Amino acid sequence: MSGSSDQGATPAPHKNTSRRGFLQLSAALAAGSVAACAGAPNAGGKRGPATKAESEAVWRAGRGMPYDSGALKMPGVCELPGPNRKHRFPDPDKYKNTKRVHGLCQLCSTICGITGHVKDGRIIKVDGNPNDPNSQGRLCARGQAALNHQYHPERLLYPLKRVGKRGEGKWRRITWDEALDEIATRIRKVHDEGKHEEFAFHQGRNRSKDAVGAFLNAMQTNTALNHRGLCSAARRAANLTYLFESDWDLGDYENAKYILNFGSNMFEAHQGHVAGAQRIQRGRFNNGAKLVTFDVRMSNTAGNSDEFFMPAPGSDGAVALGMAWTIVKEKLYNAKFFDEWTNVAIEELWSEISEYTPEWAEKVSTVPADAIRRIAREFAAAAPRATTMCNRGSSAHMNGYYNDRAIGLLNVLVGSVGVVGGWCWMFTGGYDKKRFKAPKAAPKPKTPSLLADPPEIALANVWNKMKVGEIVYWYLAQERRKIQVYMTYNLDSPLTWPEMDVTQNVLLDEDKINFHVCINPFLNETAMHADMVLPWATYMERWDVDARGAYNLKPYISMRRPMVEPLGEARDVRDIFPEIARRVGGEAAKYYPERSVEDYMREFVKDVPHDKAKYTSAFEFLEDVGAWEDPNQKPYYEPYLQKLSAKDLEGSETDADTGIITKGGKGIGIMQGGVAVRGFKTPSRKLEVRSKFVAMTGRNEDTSALTRLANSKGKNRPGYHKGNDVEIPEWPTYMQVDEHADIRDDQLVMTSFKWNVHNHGRTANLKWCSEIVHSNPAWIHPDTAKRFGLKSGDWIELTGHRSKMLNRISPQLGLGEGEVSRKLEIPVVVTKAVHPQAIAISNSLGHSAYTSVATAKQKRDLGDEQNGMQNEEMRDPDWERNMWWEDRSGGDHGKWVRNTGPGWAQNSVLPISPDPISGQQAFNDTVVTIRKLT
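As the structure is a prediction and not an experimental result, all values here were calculated from the model.

1. Side note on the overall build of the protein chain
The helix and strand inventory of the protein chain stands at 33 helices and 28 strands. In terms of overall size, the protein chain behaves like a compact globule, its C-alpha atoms giving a radius of gyration of 27 Å where 934 residues would be expected to give roughly 30 Å. Counting only C-alpha atoms, the protein chain reaches 85 × 70 × 60 Å along its principal axes. In the protein chain, which comprises 934 residues, the share counted as buried stands at 64%. Counting only contacts in the protein chain whose residues sit at least 6 apart along the sequence, the fraction spanning at least 24 positions is 76%. Accessible surface, the protein chain: about 33,700 Å² in total, of which carbon and sulfur atoms supply 49%. Treating the 123 positive side-chain charges of the protein chain as one cloud and the 113 negative ones as another, the clouds have centres 3 Å apart.

Right, dumping it as structure tokens:
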């Protein structure tokens, strides 16, 4: 942990000399919201969910009594106690004669390969698939809890339609024909009125991209909304500024000697964390790599690093620029690489960063200047086997784009870009889409959508379609648009979106959203605000072709297939969408010929190479192995050095001044050392340290001449963006967050994080995960606690404030600088594992719906929800008896027992704060006012 020697509030740097000891320390601190509260008595001296006498009475009452599991066999229910107790554990015969079926997990964004053990039509165990080249047979705790998801007794298994007011929770069961006919009738009305953009599709985690894209094309709508702005928009925009070709960096950690981490929690929650974490550890233990982490909070990654520094919130870019200053000033940069492969001279760069000294960085970040210099020297000395790593810790800020652009500059300076052990990327974010193509679908419609491409956000959609999901409900609240038919898919926006009041009020307003159909396996918070809910098949019951960013730097392809038949009447969108399209009729129907999903998949994967002596088809091969990586393909190292062939050069022209090679007016390469090579797929065909493209795009200027030279990605902003200019510097720089500059004594900066057993909003229903983490009190530093007169277990009230910086840059959004309407009452845990200027609260928790487990209720009145379930046949007496963490205080803070309840929804006080450059939600920037509650 870091701090300036003249600022006593911040601890000194911590160097990890004992990995085992530090592992134990970090585990304890990272579990602070559980472990630090679990054993401590409350004001009445109670421990756990009840008094000792009450606990013993419950135990004795159930002792010797068998569990009543209902009519259906329920895998994942431990058949204890009494006569059902296990005499042999583990049972050596449990997995005998099981059928093993490969698939893909979808309980987070990593998409690990899995293998289901199926017996008697039930999945009894899920393992990692060792054939998956990315995850390599490993699974995290979420993946291990698959059975909790698949066989949850409160799964939605039948279509429901509301019968009361929207949000009242009154439902009746309907048939699939009733549901599909009504949806098609409503979409047909949208088409008849010529208002195709008023059919909106809003997805959460979508791993059926071909099916969703084809359906929306057939429905002729571009109002395709997502959650990218809440996830990783700033980081992607920063990468695209340098590369154009890719928005996702993939450090070659296994071959690295130095890994410089800014705000990534790779060991718990980074996208691709299962694949990335094991490669980092192999790099450290097999290759001697050093891991240094900068994070405002001690995550498990920070705690298990060789060195860990705790910068002030939002100051990661200042630290990176202080390191860049050192590398240039002390001539530690790779002069040959920089001269040949960047679009600026080192003298030009120096004139832009000369003010960013380590001493300046220390004042901004509280990280000691000497440490900044030393780490910069170590990083440069380890190059080219040195790479940065970053994520929401650095990017989910109003200045996140600037932070990540400054961090990326370090790789450019030391010449570790695209090399073994360095900062790498792939030409695809999944499988090779040029090699493996989905069956033909309807053409892309050309109708623009304001909701999908808001004019205030400059870079959100000029390279990739990142969208800006967090302002959709604000636009609707302001009546800038309306939606006739709103289809949500795997989304929990009432919990996971900022300003929960705005989201929930819009979802309840039938004038703003005329009809809402939700597709989900559970009645989550989104479903509870819908007019109709369709039971979606789980990821163990459906088909997909998928892959993620490949850490082997070679694209691979995986196939998800049903391990078992869907329970009840659950269906996948691959079955739902064709039925809707055929009922809509006209042009929509002709793109959905009668064929099975399996036949569609056979066509999709037909070109995957396989041993024809062993397999009759590529489909049969993927059924057997689950995933395939081309053994003959080389890793994507130094793609910019790829030589152009004589055929490539035929009819081309070379600019005498720049060396850029064009063909038909489009860039194809550059001359380097007398050799025609591909170069980077940017306007300069080099790394864009200075980007005229982003500056011109921010000003709504024509960039077509630049994008023709890049010949990869990039386009002009649409005409309706005019008048919404944003000044984006051409050079890497640092921007102080306005509201952090004049923070009051009664205020802190709120930061957010994820646990290793949860994703953002879809895992609190998993009993094995929720028993581990179900409570999320606010972390504050001991010095901060002293200032506010707080101790662990005390309650505070938080008031969130909208961003001054956003209002200054984009006043046309109309958000202003006022308070967020809702307040949050939450207990605190005092720990040195957070910066004194910050207050840290995990997301994922605080559910008001989404099963009894998510809401921490042993026995909950399900009411009409039961009409969509098989609640009597499917029982889980495990949590019905043993949910020790139910909160029985009735909302009385004085009676609350620590480590009980479903947690608190941080987004209650999180303002809508899209970074006006990329659209990234500033999760880690919110200034909150603290008031101690008595």
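2. A few points about the sheet that holds strand β2 (residues 99-104)
The antiparallel open sheet is built from three strands, whose spatial order is β2-β3-β4. Here the strands that pair on one side only, and so sit at the sheet edges, are β2 and β4 (122-128). Along the sheet, successive strands turn relative to each other by an average axial angle of 30 degrees, direction set aside. Pairing of β2 with strand β3 (residues 113-119) involves six bridges; the strand directions are antiparallel. Following the sheet pairing, lysine 99 is matched in β3 by valine 118.

3. Looking at the packing of helix α14 (residues 358-365) against helix α15 (residues 369-382)
α15 packs onto α14 with a crossing angle of 120 degrees between their chain directions and a minimal axis gap of 8 Å. When the axes of α14 and α15 are compared, the pair comes out oblique. For the pair α14 and α15, the sense of crossing is right-handed. Along the contact surface, α14 presents Pro358, Glu359, Ala361 and Glu362, while α15 presents Ala369, Ile372 and Arg373. For the contact of α14 with α15, the per-class residue count stands at four nonpolar, no polar and three charged.

4. Overview of unusual backbone geometry
Proline 384 follows alanine 383 through a cis peptide bond whose omega is 10 degrees. Mapping proline 384 onto the fold places it in the loop between α15 and β12 (386-390). Phi at aspartate 120 is positive, roughly 55 degrees, even though this residue is not glycine. The residue aspartate 120 is located in the loop between β3 and β4 in this model. Backbone geometry at phenylalanine 244 places phi at a positive 60 degrees, although glycine is not the residue there.

5. Looking at the pairing of strand β25 (residues 795-801)
Burial within β25 is extensive, with seven of its seven residues counted as buried. Neither face of β25 is exposed, since Trp795, Glu797, Thr799 and His801 on one face and Ile796, Leu798 and Gly800 on the opposite face are all buried.

6. A closer look at the pairing of strand β20 (residues 660-663)
One ladder, built from two bridges, connects strand β19 (residues 653-654) with β20; its direction is antiparallel. Opposite threonine 654, over in β20, you have isoleucine 661 as the bridge partner. Hairpin connection of β19 to β20: five residues between the antiparallel strands, including glycine 659 at a positive phi of 75 degrees. In this sheet, strand β21 (residues 666-672) lies alongside β20 in antiparallel orientation, the contact comprising four bridges. Looking at β21, one finds that isoleucine 660 is bridged to isoleucine 670. Here β20 folds back onto β21, and the loop between the two strands holds two residues, one of which, glycine 664, carries a positive phi near 65 degrees.

7. Structural notes on the sheet that holds strand β16 (residues 544-546)
Spatially, three strands are ordered β16-β17-β18 in an open sheet, and the strand pairing comes out antiparallel. Of all strands in the sheet, those bounded by a partner on one side alone are β16 and β18 (627-629). On average, each strand axis in the sheet is tilted by 15 degrees relative to the strand beside it, whichever way the strands run. Where strand β17 (residues 556-560) meets β18, three bridges bridge the pair, whose relative direction is antiparallel. Counterpart to isoleucine 557 in the pairing with β18 is tryptophan 628.

8. Quick word on the environment of phenylalanine 285
Looking at the secondary structure, you find phenylalanine 285 in helix α9 (residues 273-287). For the pair phenylalanine 285 and methionine 601, spaced 316 residues apart in sequence, the C-alpha to C-alpha distance is 41 Å.

9. Digging into a negative patch on the surface
Taken together, Asp339, Glu347, Glu348, Glu352 and Glu355 make up a surface patch of like negative charges. When residues of the negative patch are assigned to their parent elements, the largest contribution, three residues, is made by helix α13 (residues 346-353). Within the secondary structure, aspartate 339 is located in helix α12 (residues 335-341).

10. Side note on the nonpolar core
Leu260, Phe262, Phe294, Met323, Leu349, Leu410 and Leu413 are the most contacted members of the largest nonpolar core, which has 73 residues in total. No other element matches the eight residues that helix α11 (residues 316-329) contributes to this core. Not counting the four nearest positions on each side in its chain, leucine 413 is found in contact with Ala324, Ile327, Val328, Tyr333, Asn334, Phe338, Ile346 and Leu349. Ranked by size, the runner-up nonpolar core spans 55 residues in total, among them Ile457, Val502, Leu790 and Leu806.

What counts, and where the lines are drawn
Residues numbered from 1 in each chain as written. Predicted model: local features only at pLDDT ≥ 70, side-chain atom pairs only at ≥ 80, totals over all residues. Heavy atoms only, no water. Helix = DSSP H or I, 4+ residues; strand = E, 2+ residues; numbered from the N terminus. Rg over C-alpha atoms; globule rule 2.2 N^0.38 Å. Buried < 20%, exposed > 50% of the residue type's maximum accessible area, 1.4 Å probe, protein only. Contact = heavy atoms within 4.5 Å. Areas by Shrake-Rupley, 256 points an atom, 1.4 Å probe, with all protein chains shown as cover. Lys, Arg positive; Asp, Glu negative; His and termini not counted. Charge placed at Lys NZ, Arg CZ, Asp CG, Glu CD. Pairing = 2+ DSSP bridges. Axes fitted to C-alpha atoms, helices over the stretch in contact; angles between N-to-C directions. Parallel < 35°, antiparallel > 145°, perpendicular 65-115°, else oblique. Left-handed = near helix turned anticlockwise from the far one by under 90°. Nonpolar A, V, L, I, M, F, W, Y, C, P; charged D, E, K, R; others polar. Patch = residues over 30% accessible without salt bridge, like charges linked within 9 Å, V, L, I, M, F, W, Y side chains within 5 Å. Salt bridge = Lys/Arg side-chain N within 4 Å of Asp/Glu carboxyl O. Core = buried A, V, L, I, M, F, W, Y, C linked by side-chain atoms within 4.5 Å.

Everything listed here is a matter of coordinates, which is why it stays silent on function.
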